[in-house]
Amino acid sequence: MNRKACVIGAGPNGLAAAIVLAQAGMPVDVLEAESTPGGAARTLELTLPGFRHDFGSAVFPLAAGSPFFSSLPLASHGLRWIHSPAALAHPLDDGTAVMLERDLDRTKDTLGTDGPAWDKLMRPFVEHWTDFAPEILRPVSFIPRHPWLMARFGMVALQPARVAARRFRHPRTRALFAGLAAHSFLSLDEPLSAAFAILMAVPAHAVGWPIARGGAQSLTNALCSFLSTLGGGVRTSTPVQNLGALGDYSLFLCDLTPRQLAMVGGQRLSESYIRQLNTYRYGSGVFKVDYALNAHIPWKAPECLRAATVHVGGSMEEIAVSEKAVRSGQHADRPFVLVAQPSLFDTSRAPAGKHTAWAYCHVPNGSQVNMLAKLEDQIERFAPGFRDCILARRVFLPADLESMDANLVGGDVGGGAVDIRQLLFRPTWRHYATSARDIYICSASTPPGGGVHGMCGYHAAKMALSRLSGG
Ligand SMILES: Cc1cc2nc3c(=O)[nH]c(=O)nc-3n(C[C@H](O)[C@H](O)[C@H](O)COP(=O)(O)OP(=O)(O)OC[C@H]3O[C@@H](n4cnc5c(N)ncnc54)[C@H](O)[C@@H]3O)c2cc1C
């Protein structure tokens, strides 16, 4: 193949697309706006020297379970997954924590009377993960390859999380389920919110919720390193403003969201396609804080120290109130906070005896409200003395996140809202294709959506190659 491709953006999806193209023998240049590749998969010294923080993604169930990333020799390029003993802890006001264990049988035991219901819900997908993962990590298909499995998933997935949680009798289990469902950024009373609880819990049991040794950057570096063995290269500090000015490429794959694609695509895209892009809806944003700590977080429930991820929000009812407020454009009084504590399991993140923590809560898109006190009050509630451990912190409002990765529009970390319409038509009915035959979109604004899995880039590049060869 003597044609050349250009990928705009070196996030996980841009890099995945570039690798697929290079594997097919196509020379490929990746142009990245920031000085470091990775997008929302970067690790930076954001607080004090020697403290390495994940700017965006920190915990990688979908990367570890990604059919595409799993096919690449990333371990030979320096990637090591680290599994905390438990996938997730969810502390409660009685000073205990409900645990999502990696082992499904163990989770079943710890959930007591709700154990069998948890097992019944999750086991079919856990046991058939290698069939399930490719189905959920691609555009929704009305003719799935595993109809029985997907029908079973669809029956629960379409429900609001609060309805699906009625199968559990104990408030502890409902709280666990609600925290998982809150990853959807939907109100827990909205259809599809239950899907996210399953999509988070199933990989926990099937492949784990690992962190990357050295942080998210290690995954990015492994992808870049593998790409270079195929002849591809990443040019950093190269923001693209106009595809038309880029010279002689036969394919453009854009790891951009619709708003940016409309800008850089300019006259190369039809007016009607640009109109469709402009109706795309972004989701809620996040308010994020990175911490340098002089000790680990002093959780009341010591079990929380067994998990790299902690869901801080209390009961299902409280989490539902918090997520509903954000969905209706308000700020939660007691926000649901996602916490990662990677240095407990990876000593490369902080100087000896010190720790890092990463925390965020959901806020309306583009919010300018400083949620620091409310976010820290929530952590203090389950870890009294937390504030005394803080050596330094770095606060990111949505605009700060967007200033370091233009795809994080208004602080939206998932590349766009996930509702029924944008599940089916993401970002338009054409999915990866655009109105121009040589331009494709491959970011988290395409199926299957947000998360570090590279499958948006993979499917976009496969489509581009197939159409290039006349398929
Ligand atoms: C705070 C936060 C926490 C998260 N936590 C997790 C998590 O724990 N686990 C998980 O799986 N996912 C998580 N995510 C989501 C995940 O990181 C994203 O869904 C994923 O990175 C999307 O990949 P992408 O390649 O589509 O976009 P991005 O990673 O955003 O990459 C896009 C790239 O394009 C570049 N770019 C943009 N415009 C231009 C331009 N004009 N010219 C050149 N380059 C350009 C950007 O600089 C960036 O490098 C998190 C995200 C954030 C922000």
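K.L.:
Pulling in residues and values, what's your account of the packing of aromatic side chains?
P.N.:
Enumeration according to the criterion identifies 15 aromatic pairs in this entry. Pairing Phe125 with Phe132 gives two aromatic rings, centres 4.8 Å apart and planes at 35 degrees, and the pair type is tilted. Aromatic pair Trp358 and Tyr360: ring centres 5.2 Å apart, planes at 70 degrees, arrangement edge-to-face. A single burial state applies to Trp358 and to Tyr360, both of which are buried. An aromatic cluster is defined as three or more aromatic residues linked by ring pairs; in this entry it consists of Phe125, Trp129, Phe132 and Phe153.

K.L.:
I'd like to hear about the site of the ligand, residue by residue, with values.
P.N.:
Neighbouring the ligand are 38 residues, the closest being Glu32, Val59, Asp255, Asp405 and Gly451. Contact distances for the ligand include 3.2 Å between an oxygen atom and a backbone N or O atom of Pro12. Gly451 is positioned with one of its backbone polar atoms (N or O) 2.8 Å from an oxygen atom of the ligand. Protein burial of the ligand: of its 1,000 Å² of free accessible surface, 93% is covered by the chains. Contributions of two or more residues to the shell around the ligand are made by helix 1 (12–23) and strand 14 (355–363). For the shell around the ligand, the residue count by class is 19 nonpolar, 14 polar and five charged.

K.L.:
Which residues make up the sheet that holds strand 2 (residues 28–31), and what are the values?
P.N.:
Spatially, the five strands line up as an open sheet ordered 9-2-1-10-16, and their pairing is parallel. Edge positions in the open sheet fall to strand 9 (233–235) and strand 16 (439–441), since each of these has one partner strand only. Each strand axis lies, on average, 20 degrees off the axis of its neighbour in the sheet, ignoring direction. With three bridges joining them, strand 10 (residues 251–254) and strand 16 adopt parallel strand pairing. Considered in strand 16, the bridge of Phe252 is made with Ile439.

K.L.:
Give a description of the environment of Leu74 that names residues and reports values.
P.N.:
Relative to the helices and strands, Leu74 is located in the loop between helix 3 (67–70) and strand 5 (81–82). Since its relative accessible area comes to 4%, Leu74 is described here as buried. The spacing of Leu74 and Ala222 is 148 residues in sequence and 5.6 Å in space, taken between C-alpha atoms. Discounting chain neighbours no more than four positions away, the residues touching Leu74 are Phe69, Leu79, Leu219, Ala222 and Leu223.

K.L.:
Which residues make up the environment of Ile8, and what values go with them?
P.N.:
Take Ile8: it is sitting in strand 1 (residues 5–8). Classification of Ile8 by relative accessible area gives buried; the value is 4%. For the pair Ile8 and Glu32, spaced 24 residues apart in the sequence, the C-alpha separation amounts to 6.3 Å. Apart from the residues within four sequence positions on either side, Ile8 is in contact with Leu31, Val240, Leu243, Leu246, Leu253, Cys254, Asp255 and Leu256.

K.L.:
So, the pattern of salt bridges: which residues are in play, and what are the values?
P.N.:
In this structure the tally under the stated criterion is 24 salt bridges. Of the charged contacts, one joins Asp93 and Arg381 as a salt bridge, the two residues approaching to 2.8 Å between their closest N and O atoms. Taken as a pair, Asp93 in the loop between strand 6 (86–91) and strand 7 (97–101) and Arg381 in helix 15 (residues 372–382) lie far apart in primary sequence, 288 residues in all. Residue Arg381 is classed as buried on the basis of its relative accessible area, which comes to 14%. With its nearest N and O atoms 3.1 Å apart, the salt bridge here joins Arg334 to Glu318. Of this pair, Arg334 sits in the loop between helix 14 (316–327) and strand 13 (337–340) while Glu318 sits in helix 14, and the two are 16 residues apart along the sequence. Classification of Glu318 as buried rests on a relative accessible area of 18%. Where salt bridges share partners, they join Asp93, Glu318, Arg334 and Arg381 into one cluster.

K.L.:
How would you sum up unusual backbone geometry? Please name residues and give values.
P.N.:
In this chain, Arg426 is followed by Pro427 through a cis amide linkage whose omega measures -5 degrees. The omega torsion across Pro447 and Pro448 is 5 degrees, close enough to zero to call that bond cis. Note that Pro448 resides in the loop between strand 16 and helix 18 (455–468). Residues other than glycine seldom take positive phi values, yet Phe185 does so here, at roughly 65 degrees.

The rules we used
- Residues numbered from 1 in each chain as written.
- Predicted model: local features only at pLDDT ≥ 70, side-chain atom pairs only at ≥ 80, totals over all residues.
- Heavy atoms only, no water.
- Phe/Tyr/Trp six-rings, centres within 6.5 Å; stacked < 30°, edge-to-face > 60°.
- Buried < 20%, exposed > 50% of the residue type's maximum accessible area, 1.4 Å probe, protein only.
- Near = heavy atom within 4 Å.
- Polar contact = N/O pair within 3.5 Å; in protein donor to acceptor, adjacent residues only side chain to side chain.
- Areas by Shrake-Rupley, 256 points an atom, 1.4 Å probe, with all protein chains shown as cover.
- Helix = DSSP H or I, 4+ residues; strand = E, 2+ residues; numbered from the N terminus.
- Nonpolar A, V, L, I, M, F, W, Y, C, P; charged D, E, K, R; others polar.
- Pairing = 2+ DSSP bridges.
- Axes fitted to C-alpha atoms, helices over the stretch in contact; angles between N-to-C directions.
- Contact = heavy atoms within 4.5 Å.
- Salt bridge = Lys/Arg side-chain N within 4 Å of Asp/Glu carboxyl O.

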